[in-house]
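Examining the three-dimensional arrangement
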Amino acid sequence: MAFPEERARRLRRSASMRELVRETQLQPSDFMWPLFVMPGQDLREEVPSMPGVYRTSVDQAVADAREAFAVGVRSLILFGIPASKDSQGSSGWNAEGPVARAIRAIKDAVPEMLVATDVCMCEYTDHGHCGHIHTRRDGAPDVDNDASLELLAREALAHARAGADIVAPSDMMDGRVRAIRTALDAEGYSDVSILAYSAKYASAFYGPFRDAADSTPREGPSDRRTYQMDPANRREALREVRLDLEEGADMVMVKPALPYLDILREVRDAVDVPVAAYNVSGEYAMVKMAAKAGVIDGDRVMMELLTSIRRAGADLILTYHAVEAAKLLA
Ligand code: PBG
């Protein structure tokens with residue numbers, strides 16, 4: 001036999017051969033598409049730091065849901081931009097708020113579309129934190145873990161009552177999954193699943209999202225480092241995942257995705273539930289801005305990044321690219 005004896009290139013000779021031996025597949029049904037909903041009618045505002053992402057009124061969110069369904073996307077996650085914010089985040093459980101209205105309208109228009117909701121206080125509080133603020137014994141302002149659980153449970157329940165299929169707590173309070181599960185079950189919503197943002201890091205990649213949701217901390221602690229995870233930690237991610245599963249999470253998440261693909265692989269290998277990855281706003285913005293500047297081929301980079309997230313172990317990917325990627329896959 002002629003040297004070299006092993007020729008890996010034989011299996012790369014044609015597109016059909018490459019498809020035959022491809023290890024990782026991407027499908028539109030792997031994606032969960034985040035939508036930002038606000039009060040009003042006929043409104044569609046592009047988020048300046050996220051070209052192609054819009055804050056819309058409920059009627060427009062319904063139109064987006066129809067478009068997404070038509071290209072094979074089967075799940076959405078809703079974020080609310082309320083009419084008003086207060087220290088409690090009380091619009092978070094308003095049955096007439098944009099998220100509750102959007103759930104009802106989307107389930108009505110596209111019943112097979114899975115509707116998930118982000119459960120967190122930072123979009124609804126005037127201070128921009130993910131829970132209730134208090135002063136610690138040492139005098140420092142912080143988010144009060146236990147007092148926040150009740151608010152989160154109330155918000156999750158409001159989403160369940162409106163018809164959400166999945167609630168996704170993103171606050172990182174200890175005990176929130178159990179608090180939410182207990183509240184849902186007590187009202188008969190034992191069929192609503194919990195997708196826990198389990199390994200959620202205190203990341204600079206959330207910057208554009210905070211523009212979109214107007215949720216940058218304004219009072220209290222200056223950042224979210226007392227509740228979101230330190231980017232340097234790996235074992236702690238497995239601990240957070242274990243705790244959320246013990247409390248009753250149906251699915252767990254690693255967030256952000258790209259800088260944490262190692263964590264994603266470890267979590268995938270450690271658990272037997274579906275694992276989600278959140279391809280966050282900053283990851284999206286980098287692709288869009290670099291493509292606009294003519295520095296990269298945006299479509300190819302997008303597909304390569306989404307493939308890498310799947311390959312690292314994500315069963316589902318929350319991504320702002322969902323619809324454009326689904327169209328390319330068709
Ligand atoms: C709410 C929440 C955030 C994101 C999802 N849910 C922001 C944050 O924690 O500051 C970020 C999503 C993104 O950047 O795309 N807590």
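Heads up: these notes are all about the structure in this document. What you see is a predicted model, and the numbers here were worked out from it, not measured in a lab. (Residues numbered from 1 in each chain as written. Predicted model: local features only at pLDDT ≥ 70, side-chain atom pairs only at ≥ 80, totals over all residues. Heavy atoms only, no water.)

A word on the packing of aromatic side chains
Here is the rule: When two rings of Phe, Tyr or Trp (its six-membered ring) have centres within 6.5 Å they constitute a pair, described as stacked for plane angles under 30 degrees, edge-to-face for angles over 60, and tilted for the intermediate range. Going along the chain from the N terminus, every DSSP run of H or I of four or more residues is numbered as a helix, and every run of E of two or more is numbered as a strand. Note on classification: 1.4 Å probe, protein chains only; a residue is buried when its accessible area is under 20% of the maximum for its type, exposed when over 50%, partly exposed between these limits. Whether a charge sits over a ring comes down to the Lys NZ or Arg CZ being within 6 Å of the ring centre and within 35 degrees of the ring normal.
All chains considered together, the criterion is met by 8 aromatic pairs. With 6.3 Å between their ring centres and 5 degrees between their planes, Phe-36 and Tyr-320 make a pair best called stacked. With Phe-36 in strand 1 (residues 31–38) and Tyr-320 in the loop between strand 12 (316–319) and helix 11 (322–329), the pair connects residues that are 284 residues apart, well separated along the chain. The exposure class of Phe-36 is buried, given its relative accessible area of 1%. Here Tyr-320 falls in the buried class, since its relative accessible area comes to 5%. Ring-pair connections join several aromatic residues into one group, and the members of that group are Phe-36, Phe-79, Tyr-197, Phe-209, Tyr-278, Tyr-284 and Tyr-320. Sitting above the plane of the Phe-69 ring, Arg-74 keeps its charged end 3.7 Å from the centroid. Across the ring face of Tyr-278, the terminal group of Lys-255 is positioned such that the distance to the ring centre comes to 5.0 Å.

Observations regarding the site of the ligand
To keep it simple, the criterion reads: For each residue, the test is whether any non-hydrogen atom lies within 4 Å of the molecule or strand; if one does, the residue is near. Polar contacts, as counted here, are pairs of nitrogen or oxygen atoms within 3.5 Å of one another; within protein the pair requires one atom able to donate a hydrogen and one able to accept it, and residues that are adjacent in sequence qualify only if both atoms are side-chain atoms. The method behind every accessible area is Shrake-Rupley, applied with a 1.4 Å probe, and residues are considered shielded solely by the protein chains displayed.
Close contacts around the ligand come from 19 residues, with Lys-200, Arg-210, Lys-255, Ser-281 and Tyr-320 the closest. The side chain of Lys-200 places a nitrogen or oxygen atom 2.6 Å from an oxygen atom of the ligand. Between Arg-210 and the ligand, the recorded distance is 2.7 Å, taken from a side-chain N or O atom to an oxygen atom. Coverage of the ligand by the protein amounts to 100% of the 400 Å² it exposes when considered alone.

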